[in-house]
Amino acid sequence: MSLLVVGTVAFDAIETPFGKTDKIVGGAATYICWAAQHFVDKINLVSVVGDDFPLSEIAELQNRGMRTDGLQIKKGEKSFFWSGRYHMDMNTRDTLATELNVLADFDPVVPESYLDSEFVMLGNLTPQIQIRVLEQLPVRPKLVVMDTMNFWMNTERDSLDRVLRMVDVLTINDEEARQLSGEYSLVKAARKILTMGPKYLVMKKGEHGALLFYENQVFFAPALPLEDVYDPTGAGDCFAGGFIGHLAHTRDISFDNMKRGIIYGSVLASFCCEKFGIERLKQITMKDIHERVEEVVDLVQFDISLVD
Ligand code: AMP
């Protein structure tokens, strides 16, 4: 069983009320891979970087068993760069800069060795690139999960609508769901988005957890209350990596298993916030992940007897 991941591999510069970084390694695909590698042995990465990107970071991905044949390195060009500043609540942020650089004319090539990928995670990047990746797969994968953001809703809405029709699960945050649907009520927004293509919608609500919508059913996964949140960048991508990682590992795409998937997603997102960038994700083990899953279970389990 293998998982194909496409998304940005990038440099980020982050400001939070508690600190500021220079350019550090980030990108949607980077976070997804580091989260999903705990669950999946064969991860096939498709992305692009410039020759300013540290080769040691690529070697680290390879050392953890990830395949990078589909990661193009463009000579003389610069990697995708994103910069953001978080507000005091750490749940909302302003984008200060998005420099597409190598992403602007990226033509993804899915290597032959990736073509049997059963699970596909379309991480956040240009919708046209997400489409180009899907079009190269000779067999419809067992499950296609897609993430996107307001940037692409503002700039590439037609292609975004097209890729939405090609996927099974969409993961976006509550504000993006409102923008995509034009509905303020999150329930109405979900209902509308489920007519746009995806059969399942995961709506992330930052520190307030995440909702999973399917037909008329809805399930809630809390976010673990953390003492210190250093940097929420990539939390959404780690959520997606934990979610699809669990589904791919168990090869079970039922709604019940997706419920467990968003619990794993929530746990991976919580680790991500504890340090800047991918630092914390590199340290944790499956034992740490399982301990935290138990904490989530304790958080929401209670006995109740209904009295008249
Ligand atoms: P998240 O906090 O989960 O939304 O993900 C943040 C990551 O997404 C950062 O590491 C950025 O490099 C990356 N990112 C930011 N803007 C974009 C964009 N427009 N397209 C693709 N990736 C982006």
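Structure: above.
Let me sum up the structure you'll find in this document. (Residues numbered from 1 in each chain as written. Predicted model: local features only at pLDDT ≥ 70, side-chain atom pairs only at ≥ 80, totals over all residues. Heavy atoms only, no water.)

### Some points on the overall build of the chain
When you go through the chain residue by residue, the secondary structure sums to 11 helices and 14 strands. C-alpha extents for the chain along the principal axes are approximately 75 × 45 × 35 Å. Scored against the burial criterion, the 308 residues of the chain give a buried share of 55%. Restricting to contacts in the chain with at least 6 residues of sequence separation, those with at least 24 account for 66%. Carbon and sulfur atoms provide 49% of the accessible area of the chain, an area that totals close to 13,800 Å². Between the averaged position of the 31 positive side-chain charges in the chain and that of its 45 negative side-chain charges there is a distance of 4 Å. (Helix = DSSP H or I, 4+ residues; strand = E, 2+ residues; numbered from the N terminus. Buried < 20%, exposed > 50% of the residue type's maximum accessible area, 1.4 Å probe, protein only. Contact = heavy atoms within 4.5 Å. Areas by Shrake-Rupley, 256 points an atom, 1.4 Å probe, with all protein chains shown as cover. Lys, Arg positive; Asp, Glu negative; His and termini not counted. Charge placed at Lys NZ, Arg CZ, Asp CG, Glu CD.)

### A word on the pairing of strand 9 (residues 119-122)
Both faces of strand 9 are covered, namely the face carrying Phe-119 and Met-121 and the face carrying Val-120 and Leu-122. For strand 1 (residues 2-6) and strand 9, the ladder comprises four bridges, and the chain directions are parallel. Considered in strand 9, the bridge of Leu-3 is made with Phe-119. In this sheet, strand 10 (residues 143-147) lies alongside strand 9 in parallel orientation, the contact comprising four bridges. When the sheet's bridge partners are listed, Leu-122 is paired in strand 10 with Met-146. Running through helix 3 (residues 127-135), the crossover from strand 9 to the neighbouring parallel element strand 10 is right-handed. (Pairing = 2+ DSSP bridges. Right-handed = clockwise from strand over helix to strand, strands pointing away.)

### Side note on helix 8 (residues 235-250)
Helix length check: helix 8 (16 residues) gives 23 Å between terminal C-alpha atoms against 22 Å at 1.5 Å per residue, within 8%. Taking burial as the measure, the 16 residues of helix 8 include 13 buried ones, the bulk of the element. Residue Arg-251 follows helix 8 closely and has a positive phi angle near 55°. (Expected span 1.5 Å × (residues − 1).)

### Thoughts on the packing of aromatic side chains
Under the definition given, this model contains five aromatic pairs. With centroids separated by 5.2 Å and ring planes inclined at 35°, the aromatic side chains of Tyr-214 and Phe-255 adopt a geometry described as tilted. You can see Tyr-214 sitting in strand 13 (residues 210-214) and its partner Phe-255 sitting in helix 9 (residues 255-272), a full 41 residues away along the chain. Lying over the aromatic face of Phe-81, Lys-23 brings its terminal NZ or CZ to 5.0 Å of the ring centre. The side chain of Arg-292 reaches across the aromatic face of Phe-271, ending 3.9 Å from its centre. (Phe/Tyr/Trp six-rings, centres within 6.5 Å; stacked < 30°, edge-to-face > 60°. Lys NZ or Arg CZ within 6 Å of the ring centre and 35° of its normal.)

### Thoughts on the side chain of Asn-44
Within the secondary structure, Asn-44 is located in strand 5 (residues 42-50). Within the structure, Asn-44 has its side chain in polar contact with the side chain of Arg-67 (distance 3.4 Å). Within the structure, the side chain of Asn-44 is placed 3.0 Å from the side chain of Ser-117, a separation counted as a polar contact. (Polar contact = N/O pair within 3.5 Å; in protein donor to acceptor, adjacent residues only side chain to side chain.)

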